[in-house]
Amino acid sequence: MPRKMETLTIENVRKIRKGPGGEEIEILSGISLRARAGELLTVIGPSGGGKSTLVRLINRLEDPTDGRILLKGKDVLTLDPLELRRKVTLVQQKPFMFEGTVLDNLQIPFHFRGQTPPDRDDPTLRESLELWRISPDFLDRSARTLSLGQQQRVGLARILIGSPEVLLLDEPTSALDRPTGDRLADTLREICRSRNLTLLMVTHDLRLAERVSDRLAFLSDGLILEEGDAADLLNRPRHSRLRDFLAMPQAEAEI
């Protein structure tokens with residue numbers, strides 16, 4: 001079988017911020033990762049380890065202090081940030097809904113790009129609704145009155161209509177109950193495969209990571225300490241810090 005193309009390449013990325021007293025604080029220390037088309041890569045690790053900073057760098061909400069991030073071989077720093085964010089889309093922990101109906105929200109990206117938005121019968125829009133299990137009856141409902149889980153699915157449908165190349169997820173199930181989170185996870189895996197989408201997710205939810213991931217990377221204190229096949233890392237961790245992380249009571253409750 002031919003090797004899948006690497007869509008996203010992170011090479012020796014460091015991020016330094018200034019502390020309250022002006023001191024330098026290293027958030028990320030020489031991070032290197034690769035994510036391929038049709039692959040779901042999950043970065044796990046304790047809070048404060050640098051996971052959210054990493055996805056913000058990929059989407060250029062921040063820029064790295066050193067190192068490079070490549071999208072299909074092109075340094076993201078050479079790309080227009082708006083164009084980059086159409087190709088590399090970040091889904092935050094809490095979805096943002098614009099004023100108006102669900103249909104209005106699904107049409108918003110097209111208005112931003114100066115394009116004619118799809119109507120309610122557009123095949124692409126209908127496909128996105130079906131993928132995220134959103135009833136067409138929801139199109140006329142006020143988006144901000146939906147439950148958090150429903151808003152999460154609408155937000156993801158809005159993104160997928162734009163056909164991104166890379167989808168970044170920051171703790172996507174942190175505010176969802178377990179059944180809703182499981183359904184969301186299954187849909188993410190299905191879309192990753194069917195659309196040959198590169199998906200990078202950061203989470204502390206080990207149960208979610210085990211359910212959907214192809215590969216895992218363990219990030220702690222700004223360092224990738226272990227990386228490899230998801231099942232292998234979760235069942236046969238080699239690094240002592242990963243073993244300790246998996247043995248924590250909250251980890252046991254989530255896996």
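As shown above, the structure is provided for reference.
Worth saying up front: this structure is predicted, and the values here are computed from it rather than measured. (Residues numbered from 1 in each chain as written. Predicted model: local features only at pLDDT ≥ 70, side-chain atom pairs only at ≥ 80, totals over all residues. Heavy atoms only, no water.)

Draft legend 1. Representation of the overall build of the protein chain within the structure. Within the protein chain, the regular secondary structure consists of ten helices and ten strands. At 19 Å, the protein chain has a C-alpha radius of gyration in line with the 18 Å of a compact globule built from 255 residues. Within the protein chain, the proportion of its 255 residues that are buried is 51%. Across the protein chain, contacts joining residues at least 24 apart in sequence account for 67% of those joining residues at least 6 apart. Of the roughly 12100 Å² of accessible surface on the protein chain, 48% is carried by carbon and sulfur atoms. (Helix = DSSP H or I, 4+ residues; strand = E, 2+ residues; numbered from the N terminus. Rg over C-alpha atoms; globule rule 2.2 N^0.38 Å. Buried < 20%, exposed > 50% of the residue type's maximum accessible area, 1.4 Å probe, protein only. Contact = heavy atoms within 4.5 Å. Areas by Shrake-Rupley, 256 points an atom, 1.4 Å probe, with all protein chains shown as cover.)

Draft legend 2. Structural view of the packing of helix α4 (residues 123–131) against helix α5 (residues 148–161). Viewed as axis vectors pointing N to C, α4 and α5 meet at an angle of 140°, and their least axial separation amounts to 9 Å. In this structure, the crossing between α4 and α5 has a hand that is right-handed. Here Thr 124, Leu 125 and Ser 128 of α4 come into contact with α5, specifically with Ala 157, Leu 160 and Ile 161. Classifying every residue of the contact of α4 with α5 by side-chain character gives four nonpolar, two polar and no charged. (Axes fitted to C-alpha atoms, helices over the stretch in contact; angles between N-to-C directions. Left-handed = near helix turned anticlockwise from the far one by under 90°. Nonpolar A, V, L, I, M, F, W, Y, C, P; charged D, E, K, R; others polar.)

Draft legend 3. Layout of the packing of aromatic side chains. If you walk through the whole model with that rule in mind, you get three aromatic pairs. Ring plane angle 85° and centroid distance 5.0 Å describe the contact between Phe 96 and Phe 98, whose orientation is recorded as edge-to-face. A centroid spacing of 5.5 Å and a plane angle of 40° characterise the contact between Phe 218 and Phe 245, whose relative ring orientation is tilted. Within this pair, whereas Phe 218 is found in strand β9 (residues 215–220), its partner Phe 245 is found in helix α9 (residues 240–247), the two being separated by 27 residues in sequence. We note that Phe 218, like Phe 245, is buried. It is Arg 113 that lies over the ring of Phe 110; its NZ or CZ is 5.1 Å from the centre. Seen from the ring of Phe 138, Arg 141 lies directly overhead, with NZ or CZ sitting 4.6 Å from the centre. (Phe/Tyr/Trp six-rings, centres within 6.5 Å; stacked < 30°, edge-to-face > 60°. Lys NZ or Arg CZ within 6 Å of the ring centre and 35° of its normal.)

Draft legend 4. View of the environment of Phe 96. As for its placement among the helices and strands, Phe 96 is situated in the loop between β6 (88–91) and α3 (102–112). Considered as a pair, Phe 96 and Gln 152 are 56 residues apart in the sequence and their alpha carbons are 8.6 Å apart. What Phe 96 contacts, discounting residues up to four positions off in sequence, is Arg 144 and Arg 158.

Draft legend 5. Local environment of the nonpolar core. By size, the foremost hydrophobic cluster in this structure holds 35 residues, and its most contacted members are Leu 106, Trp 132, Leu 167, Leu 169 and Leu 199. Elements represented by at least two residues in this core include exactly α3, α4, α5, β7 (166–170), α6 (178–194), β8 (198–203) and α7 (206–212). With six residues, the single largest contributor to this core is α5. With 27 residues, the next largest nonpolar core counts Val 13, Ile 27, Ile 69 and Ala 217 among its residues. (Core = buried A, V, L, I, M, F, W, Y, C linked by side-chain atoms within 4.5 Å.)

Draft legend 6. View of the pairing of strand β4 (residues 66–71). One ladder, built from five bridges, connects strand β1 (residues 6–18) with β4; its direction is antiparallel. Directly across from Glu 11, in β4, lies its bridge partner Arg 68. Here two bridges tie β4 to strand β5 (residues 74–75), and the two strands are oriented antiparallel to one another. Residue pairing in the sheet places Leu 70 in a bridge with Asp 75 of β5. With antiparallel pairing between neighbouring strands as the criterion, β4 and β5 make up a hairpin whose turn holds two residues, including Lys 72 at a positive phi of roughly 50°. (Pairing = 2+ DSSP bridges.)

Draft legend 7. Representation of the sheet that holds strand β2 (residues 24–36) within the structure. Taking strand neighbours across the sheet as the criterion, the four strands line up as β2-β1-β4-β5 in an open arrangement whose pairing is antiparallel. Each having just a single partner strand, β2 and β5 make up the two edges of the open sheet. Sheet topology note: the β1/β2 ladder contains nine bridges and is antiparallel. Paired with Arg 17 across the bridge in β2 is Ile 25. Where helix α1 (residues 51–58) meets the sheet, it contacts β1, β2 and β4, and its direction lies at approximately 115° from that of β1.

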